[in-house]
Amino acid sequence: TYKMMPSQQVRSRLSSNDDDSTAYSSVASSVASSVSAIDLILDKFEKRRGFKFFQAAISIWAIVAVAKNLGVGKHVYLDPADEVEKEAHAARLSNEAGYRPRVALVRPFARSDVETLLKSFELWDSARPCGNYKTEWNLEDYTVYGDRYAEDEHPIVDLVISFSGKSGDIEGYDTLSTIQELFDARNGWGGCFSEFVSFEAGINPEDDIYDHQPIQTNPHWVNGPNEQFRKNYRFIKNKGYASMIMMESDVQPQVDGWLDLALSEVKRNQPFAVLGSKYSGNSWDNFREEIPTALLDHINGNAIYNTTHPLLEKMVNELEKEKNTIFNAIPFDYRMSQMWTEGSKGIPSDFPFKSMIDPATGNPVVLDPKMNTFRQWYEEYGNEQPIKQAHVIENYGATNFLPQQVEGVPLVHGKGLYIPNDPNLHKITLVITDWQMDRANQLLEVLDNNDHPFTEVVVMRTWKGWAELIKQNSENTGYMSKIYSILFGDDNSGELHGLSTKVRIVDRVAPEYMDLCEAPVETEYFMITNSYHRVAPDISHLMFTSGDVSSGIPSKPVIPYTPSEMDLCQEHVGCLETVKLGREIYPNLDKVVLDFEMVFETSTRNEFCKYWKGLYGQNGAKLHKSYGVVYSPEVPHGPSATSYTAYLYSLGIAESLFEFSDKSRQGSRDIFVKVLEDEEQSNFLLNWGDASTVNLRHKTKRIQRKSKGEE
């Protein structure tokens, strides 16, 4: 006899799962999502006298029928609920697929990724997964990436949407339903796939954590992605898929047929365990030699995983053993790289977060050695080169990038896609702080060799240094002769010609540390550097947001910053003092912006400088007095980009003028390259030695003599 199951038991039965792997069919998800609505109806009915079982059954049937009629629960699911569906499913695979391998394109998301994931599917309309490669790609182009499949061996691909949470989460359910509608749309990209599959990892909200802020202290900061990967792998492997293509919401397709190109790489690179891309961004440029080998060589998690390869099984088994240990504080893809690096190169794995305390011991983390295990893996599979790089995807991680950096790449993993500056929209001046004339010359003489965004250059000079150098130059020919004529001849226009960029020479009337405020800039924006630097060889990568003219949203510069609370700042006196001064203007300041990385907006620079001089005196006399006669050269002596940023935040306009980008996550590229570091340091100290004690003055002169080889 059929007996009605109380609604609470229905919910429990639908949402229960085992510890290792839980899959929910889309129908189950749909019913579970309807349970709360059914509860409300049953609660009302149960209070009525005479309410009978069959009335409840009819009510539930009606609700489910209406829901299905509206499209709820129409997902094609991989784990059919009844035998008829199972037989039909098996027949389809037998008739259509034969021996063709099955591949799962997995798109994982958490509650915080909903908007990004849905937006990412918009790109699939213009860059279709299967595209028209048969007609649009010639064989030579196609085989750049891999080997083309014959029609009767081409893999069958299912689209698997993996939600980190549990059944009944309304936000996750709505997201799956929206994607289902896109999948079912006529003439859409859904035809590139065989089935739509929904999977719920069932991670509790309190455990579904991915938070970079406590990365140095919280062992659970990446628990969500780690747990979801392990469960995704188990689900895909248990369902008989040969490969799992992991494609997070920030992977952007750029060409038609990107899925077929990825599959062609799978064919060419067999056998492999993991096929993906190393980091291509620029965040590590200035300290690449300090990066651990395992991190340099690591394949990003957005990769192709061969679920039939025994090495991958061993690696995931190890991740599962480590899930309740301190090893789980390491992102799964980096941890897998550590395993292989330790086994193949004999390099012990270092724990990347030096400030983190091991909860099990209360001491700094020391990883247990596992080299013997990993060495056995290498001896067994090393000859196959099972960890391989793909060409179909480039990994920029969280790094910002420009379209020209990834032009023609089928798939790009990256957070920030911006546009280069358009000189027709925004004019930018370069201001050069100069101490000695020949040093500015070394920058100017190679400026035309660079692809730069500057429409004008303003050199803020110390007149005495320039004049003495030219008097010592007996020949005064060419470019030097032109400079001589400006200083001593009839031509007093203050402009240098012969360069494609207009150059103005300005005699400063204030100390050089005031150049930021005193430079007479006529364009909308300007940047500043000093004469011990050169413009980077290619700074067409100066980034702006795209804006939207039709909506009145302006394009604005992307400004890299360092979070003020990061160890990188806390360990340096100069950074701490810069933040301290910025907070005198805006107490909640949480950003440090370097002077040479700021794109100053000229009109607000002018207002800021009036404010700064009112606060600290015309040339900062009040600031200098507050620090005493002697203070570190690391302390800002004048206005800074960080103080300018603080001023804009105090007015509430900072983020309407600029797009701020966290360097610790999105990275940055140097606009200016330092070429005379030792000389810059000694001259900077000497200038400030004039206001210091005799001992400090002697110290700085010794630094100068040492830099010239006189000591």
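Residues numbered from 1 in each chain as written. Predicted model: local features only at pLDDT ≥ 70, side-chain atom pairs only at ≥ 80, totals over all residues. Heavy atoms only, no water.

Read across the open sheet, the 7 strands follow the order β3-β2-β1-β4-β7-β6-β8; overall the sheet is mixed. Each edge of the sheet is formed by a strand with only one pairing partner; in this case those strands are β3 (196-200) and β8 (387-389). Adjacent strand axes in the sheet meet at a mean angle of 25°, parallel and antiparallel pairs treated alike. (Pairing = 2+ DSSP bridges. Helix = DSSP H or I, 4+ residues; strand = E, 2+ residues; numbered from the N terminus. Axes fitted to C-alpha atoms, helices over the stretch in contact; angles between N-to-C directions.)

Secondary-structure assignment places E584 in helix α20 (residues 573-585). Residues E584 and A646, spaced 62 residues apart in sequence, show a C-alpha to C-alpha distance of 8.7 Å.

Within the element layout of this structure, N223 appears in helix α9 (residues 223-238). Leave out the neighbours within four places in its chain, and N223 touches D207, I209 and N328. (Contact = heavy atoms within 4.5 Å.)

This part is about the sheet that holds strand β20 (residues 591-592). Strand pairing within a sheet occurs via backbone hydrogen bonds; the two strands may be parallel or antiparallel. The 3 strands are arranged β20-β19-β22 in an open sheet whose pairing can be described as mixed. The outermost strands of the open sheet, each flanked by one partner alone, are β20 and β22 (659-662). Examined bridge by bridge, strand β19 (residues 558-563) and β20 share 2 bridges and lie antiparallel to one another. Directly across from P563, in β20, lies its bridge partner K591.

Let's shift gears to the packing of aromatic side chains. The tally for this structure, following the rule as stated, stands at 29 aromatic pairs. Measuring from centroid to centroid gives 5.0 Å for F374 and W377, while their planes differ by 55°, and the two rings are tilted. You can see F374 and its partner W377 sitting in helix α14 (residues 371-381), 3 residues apart, about one turn around the helix. Of the two residues, F374 and W377, neither departs from the other in class, the shared state being buried. Ring geometry for Y644 versus F658: centroids 6.4 Å apart, planes at 70°, classification edge-to-face. Placement of the pair is Y644 in helix α23 (residues 641-651) and F658 in the loop between α24 (654-657) and β22, with a sequence separation of 14 residues. One exposure class covers both Y644 and F658, and it is buried. Members of the aromatic cluster, connected to one another through ring pairs, are F526, Y586, F600, F608, Y611, Y644, Y647, Y649, F658 and F660. Positioned over the ring face of Y241 is R102, at 4.6 Å from the centre of the ring. Of note, K370 hangs over the ring of F327, and the distance from its end group to the ring centre comes to 4.3 Å. (Phe/Tyr/Trp six-rings, centres within 6.5 Å; stacked < 30°, edge-to-face > 60°. Buried < 20%, exposed > 50% of the residue type's maximum accessible area, 1.4 Å probe, protein only. Lys NZ or Arg CZ within 6 Å of the ring centre and 35° of its normal.)

Counting buried positions over the 6 residues of β19 gives 6, a clear majority of the element. Bridge analysis of β19 against β22 gives 4 bridges, and the strand direction is parallel. Note that in β22 the partner of I559 across the bridge is F660.

All right, on to empty space enclosed by the protein then. A full pass over the atoms with the stated rule returns 7 cavities of 30 Å³ or more. Computed from the structure, the largest cavity encloses a volume of approximately 240 Å³. Of all the secondary structure elements, the ones that give two or more residues to the lining of the largest cavity are β9 (393-401) and β19. With 3 residues, the single largest contributor to the lining of the largest cavity is β19. Among the residues making up the lining of the largest cavity, the classes are represented as 8 nonpolar, 8 polar and 2 charged. Space inside the second largest cavity adds up to approximately 90 Å³. Lining the second largest cavity are 14 residues, and of these I245, N302, I304, I393 and L411 sit closest to its centre. Sorting the residues of the lining of the second largest cavity by element identifies β4 (243-246) and β6 (274-276) as the ones contributing at least two each. (1 Å grid on protein atoms, 1.4 Å probe; cavity = no way out; pocket = protein on both sides within 12 Å on 5 of 7 lines; lining within 4 Å. Points joined across faces, edges and corners; volume = space filled by probe spheres on them. Nonpolar A, V, L, I, M, F, W, Y, C, P; charged D, E, K, R; others polar.)

Given a rise of 1.5 Å per residue, 12 residues ought to cover 16 Å, and the 17 Å separating the end C-alpha atoms of helix α10 (residues 258-269) matches this to within 8%. By the burial criterion, the buried members of α10 are W258, L259, D260, L261, A262, L263, S264, E265, V266 and N269. (Expected span 1.5 Å × (residues − 1).)

Moving on, we get to the pairing of strand β1 (residues 102-109). Buried residues dominate β1, accounting for 8 of its 8 residues. Judged by which residues are buried, β1 turns out to be covered on both faces: R102, A104, V106 and P108 on one side and V103, L105, R107 and F109 on the other are all buried. Note that β1 and strand β2 (residues 156-163) share 8 bridges and pair parallel. Bridge pairing links R102 to I156 in β2. As paired elements, β1 and β4 share 4 bridges and run parallel to each other. When the sheet's bridge partners are listed, V103 is paired in β4 with S243.

Charged atoms that come close allow side chains of opposite charge to pair. For the structure shown, the criterion picks out 22 salt bridges. The closest approach of N and O atoms between K267 and E153, which form a salt bridge, is 2.7 Å. With a gap of 114 residues between them, K267 in helix α10 and E153 in the loop between α7 (139-142) and β2 connect regions that are remote in the sequence. The exposure class assigned to K267 is partly exposed, which follows from its relative accessible area of 29%. Taking the shortest distance from any N to any O, the salt bridge between D507 and R461 comes out at 2.0 Å. Residue D507 is located in strand β15 (residues 502-507), and its partner R461 is located in strand β13 (residues 454-461); the two are separated by 46 residues in the primary sequence. For D507, a relative accessible area of 34% corresponds to the partly exposed category. Looking at R461, the relative accessible area reads 6%, which means it is buried. Residues joined in a network through salt bridges with shared partners are R234, K237, E313 and E320. (Salt bridge = Lys/Arg side-chain N within 4 Å of Asp/Glu carboxyl O.)

For the rest of this paragraph, the subject is the state of the cysteines. Structurally, a disulfide amounts to a covalent bond that connects the sulfur atoms of two cysteines. One pass over the full model with this rule turns up 2 disulfides. Covalently, C130 is tied to C192 through a disulfide, its sulfur atoms 2.0 Å apart. The disulfide joining C130 to C192 has a torsion of about -65° about its S-S bond and is therefore left-handed. Here C130, found in the loop between α5 (114-126) and α6 (133-136), pairs with C192, found in the loop between α8 (170-184) and β3; they are 62 residues apart in sequence, far enough to count as distant. For C192, a relative accessible area of 14% translates into the label buried. Each sulfur of the disulfide joining C517 and C609 lies 2.0 Å from the other. In this structure, the disulfide formed by C517 and C609 twists by about -90° around the S-S bond and is classed as left-handed. Taken together, the positions of C517 in helix α18 (residues 515-518) and C609 in helix α21 (residues 602-616) put the pair 92 residues apart, joining distant regions of the chain. (Disulfide = S-S within 2.5 Å.)

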